[in-house]
Amino acid sequence: MKVLLNDISEAREGEIMGVLGASGSGKSMLIDTLVDRISKGSLKGSVTLNNEVLESKLLKVISAYVMEDDLLFPMLTVEETLMFSAEFRLPRSLSASKKKARVQALID
């Protein structure tokens, strides 16, 4: 059995978090585990959020996973890149102004 993380104290709401480490240290394994890209049958343990077990459906709603081989458009600003992503990730029923407000809140 390999422990991915143990006793991590906090990730604050509204902050961007990165996972850093040396090549082969398990960064991708950790993230793939959190977003259900690895069979649950091969894993033991739990992930909690505010002391409650975190379901992968909720994680997909409250976070975004940018794979290391994702391509970003270098000619776009950070705001334009986030708006591009918001158009695809957020519900169609959400107005453009509300999407823009969510992007601005993330940047602020």
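Worth saying up front: this structure is predicted, and the values here are computed from it rather than measured. (Residues numbered from 1 in each chain as written. Predicted model: local features only at pLDDT ≥ 70, side-chain atom pairs only at ≥ 80, totals over all residues. Heavy atoms only, no water.)

**Considerations on the pattern of salt bridges**
Then comes step 1: Inspection of the entire model under this criterion finds two salt bridges.
Then comes step 2: Between K100 and E79 there is a salt bridge, and its shortest N-O distance comes to 2.7 Å. With a gap of 21 residues between them, K100 in helix 4 (residues 96-107) and E79 in helix 3 (residues 78-89) connect regions that are remote in the sequence.
Then comes step 3: K100 sits in the partly exposed class, given a relative accessible area of 43%. (Salt bridge = Lys/Arg side-chain N within 4 Å of Asp/Glu carboxyl O. Helix = DSSP H or I, 4+ residues; strand = E, 2+ residues; numbered from the N terminus. Buried < 20%, exposed > 50% of the residue type's maximum accessible area, 1.4 Å probe, protein only.)

**What to know about a nonpolar patch on the surface**
Then comes step 1: On the surface, L49, L58, V61 and I62 cluster together into a nonpolar patch covering about 360 Å² of accessible area.
Then comes step 2: Among the elements that make up the nonpolar patch, the one with the highest residue count is helix 2 (residues 56-62) (three residues).
Then comes step 3: With respect to the secondary-structure elements, L49 resides in strand 1 (residues 48-49). (Patch = residues over 30% accessible without salt bridge, like charges linked within 9 Å, V, L, I, M, F, W, Y side chains within 5 Å. Areas by Shrake-Rupley, 256 points an atom, 1.4 Å probe, with all protein chains shown as cover.)

By themselves these figures say nothing about function.
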